[in-house]
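# Architecture and fold: a report
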Amino acid sequence: MYPGMNERMKSGSRTGCLLPAVLMGFCCTFSVAAEKEALGVQDIHRLTGQLSSDDWILQVEALELLGRHGVKTAKPGIEQLLEQGKTPWAKGRALVALARISGPDVYATVEHLSRDKDAVLRRAAVEALDLMGTPRAAAAAQKLLSDEDLAVRAEVAYVCAKHDPQAAWPVIQALTDDPDPRLAAPLARALACMGTGEALVRLEKLYDTVSGKKEKAYQVIEGLHLADEAAIPLLIRLVARHRPDPRVDALGRRILKAFDPEKVTSNLQAVFESGKTDLYETAALFAATVFPSKTLEDAIAVAMRKAPALSPESLSACLEALVAIDPDRHAALFTDYLEHESSTVRMKAVRCRSLCDRKDLFEVFRPRIVDPAKAVALAALDSLVRVPLDRAPREGLAEYLKAPLRSPERPIVLAAFNLLGNRGKPEEFDTAMDWIRPYLEGADEEYRRWAAEALAELGGYERLPSIAAAQGYIADWKILGPFLNDKENTGFRTEYEPEKEIDLERSYQVELVWDLSGGKRNKNTESELVDITWRDAQVTRENGRFNVAAMMPPPAYYVLAYGISDIHSPSNQTVQAFIQADNSFRLWVNGEMVSELDDVSVKRSSQDEVPVIRVKIPLRSGRNRFLIKVANRGGPWWFRVRLRHEQGKVFGPGP
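What you see is a predicted model, and the numbers here were worked out from it, not measured in a lab. (Residues numbered from 1 in each chain as written. Predicted model: local features only at pLDDT ≥ 70, side-chain atom pairs only at ≥ 80, totals over all residues. Heavy atoms only, no water.)

When its secondary structure is counted, the chain shows 31 helices and twelve strands. Expected size for 655 residues packed as a compact globule is a radius of gyration near 26 Å; at 38 Å, the chain overshoots this value by more than 25%. C-alpha atoms of the chain, sized along the principal axes, occupy 110 × 70 × 40 Å. Each of the 655 residues in the chain was classed as buried or not, and the buried ones make up 53%. With the model as given, the accessible surface of the chain reaches about 30200 Å², and the carbon-plus-sulfur share is 50%. Averaged over its 86 positive side-chain charges, the chain has a centre that lies 2 Å from the centre of its 92 negative ones. (Helix = DSSP H or I, 4+ residues; strand = E, 2+ residues; numbered from the N terminus. Rg over C-alpha atoms; globule rule 2.2 N^0.38 Å. Buried < 20%, exposed > 50% of the residue type's maximum accessible area, 1.4 Å probe, protein only. Areas by Shrake-Rupley, 256 points an atom, 1.4 Å probe, with all protein chains shown as cover. Lys, Arg positive; Asp, Glu negative; His and termini not counted. Charge placed at Lys NZ, Arg CZ, Asp CG, Glu CD.)

Right, here's the structure in full:
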């Protein structure tokens, strides 16, 4: 409990009596949750236990949820809290919970506490009497219209406004002549229930009084759910003044949806015909989300034409409202706003125009893919992904995207990659490669990955080796295998014939064993002798991975293979090699071992965590032979080798 709260709640002072009004919003939070889903047995058990907690927040949560769900088994605990509660506030919430569970059966208790000396309990009694909803309860509440405590009086005024407006009105008038902001919620409900012209005027005045206090202002608007259709114009005005606030927007929508659709439509239409541009944004929001109609769309379109100086926020909301039913009806209007001075409006116009007929969208969006505002260019590029497949820019997509592909803005470049990969045609591959090659050769890993993936989508499987080579990966190999290995990696440490002498024309006789466990062979092990030869192969992924397992007879477990690639160097130089292999590898260049990794000694947190080994390699002018030995001990089996100049550039041009 907050310091001093107990004393304030026990006191009979005006401040103490107003405290429950401040905390009512806290209870409403639980009420929303309570209406969403039923309580399970475990929930009821937990909440019932919370009734005896020393934490008042836990007590209030339990009382609100148990009461709203009418959990009769919780009555004994609630009654005990009502009897022995440490604060009037806790006892009052217990009283309300009992009224929700038992209704008129607890009338005598409620009526008795309505005369309690503590204002907190009297106010809770008024709330409980209202929940009972009987004439007898309403009459008991009416007796408190002259209560000395303002909070009690305000709550009674709201209750009586529903049952006896004539008796309640003088009290409501007195309380709202100079309204106390702390009583905003009950006073707003009382005025909304009255619903007369004067009551609505006073409700707007109440909003003015609390407008600097966001939560109180929200409570005033919330009170309008008790009014009739006459309050719709006021609701629109108040929501417009309270924005931007997604919560109050959602509240306005909920209230309007309870009204007659024709009444809501006519009131929204009247806003656009009135020329009150300060209300357009809110009215357009409701037009799009509450009861959308062609009538409202037409009214909005006309209003936009008549008021070209609308704020970007209002224009964006109006444009959004025009796509609710049939965007094509307003395609010309969306196209006009593509040239608007506000980037916010241009972006919204792009989104809206993309929902119309898309056959000519490449041409319509041509200026927007190079828009000076990043958000606009991104919206255009993203929208073009949905153009019909039989449509393309006249010069081809790769040429069309030349400027976005050279943008200094990373998101725009990535969006251009995505569009090219999704919508480009295979015959554009070479042009696209020319534009994208700098990214493949560069040091920026994200750019390189996205560029390679886009080209892979565009060119298909056959172009994967050239994409890998452009990034510096060795793409062409000759492969020989499998040779025997086991779970201890014994074969990896064995010197097989290719390590002694390389003869690409020779065949090798090896023992092929079907073994998934990697254990030692015994008399039950099945094996056969087979002849193997060097075979030409290329990488199988745009990221340079060579899938060794795909080149070997199944199951390709506990075996190893050799790979050879001849690399031409224009001069004597040193390059950097980046090597990955799953599992173990050993790499020789021109007969000298330059790097190795025995995977048995490497601990990984996951199968995908394959270390990158970086090593400097001296190359001589002319041909350089790379020989790699790569072993498998279960799972995936692949390797990749990437070469770069020491200055960071990709080694050698790609094919």
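We are not done yet, so read on.
So, on to the pattern of salt bridges. Counted under the stated rule, the structure contains 46 salt bridges. Glu281 serves as the salt-bridge partner of Arg243, at 2.6 Å between the closest nitrogen and oxygen. With Arg243 in the loop between α15 (232-242) and α16 (246-257) and Glu281 in helix α18 (residues 280-289), this pair connects stretches of sequence that are 38 residues apart. A salt bridge links Asp360 to Arg353, with the nearest nitrogen and oxygen atoms 3.0 Å apart. The class for Arg353 is buried, based on a relative accessible area of 6%. Counted as one network, the salt bridges with shared partners bring together Glu64, Arg68, Arg93, Arg100 and Glu127. (Salt bridge = Lys/Arg side-chain N within 4 Å of Asp/Glu carboxyl O.)

Here we come to the packing of aromatic side chains. The tally for this structure, following the rule as stated, stands at nine aromatic pairs. Consider the rings of Phe272 and Tyr280, whose centres lie 5.2 Å apart with planes at 45°: the pair is tilted. Given the relative accessible area of 5%, Phe272 is considered buried. Tyr280 gets classed as buried once you look at its relative accessible area, which sits at 2%. Their ring planes at 90° and their centres at 6.5 Å tell us that Tyr557 and Tyr558 sit as a pair that is edge-to-face. In textbook terms, an aromatic cluster arises when at least three aromatic residues are bridged by ring pairs, as seen for Phe417, Tyr439 and Tyr447. Arg586 extends its terminal NZ or CZ atom over the ring of Phe492, reaching a point 4.6 Å from the ring centre. Against the face of Tyr473 rests Arg642, its NZ or CZ located 5.6 Å from the ring centre. (Phe/Tyr/Trp six-rings, centres within 6.5 Å; stacked < 30°, edge-to-face > 60°. Lys NZ or Arg CZ within 6 Å of the ring centre and 35° of its normal.)

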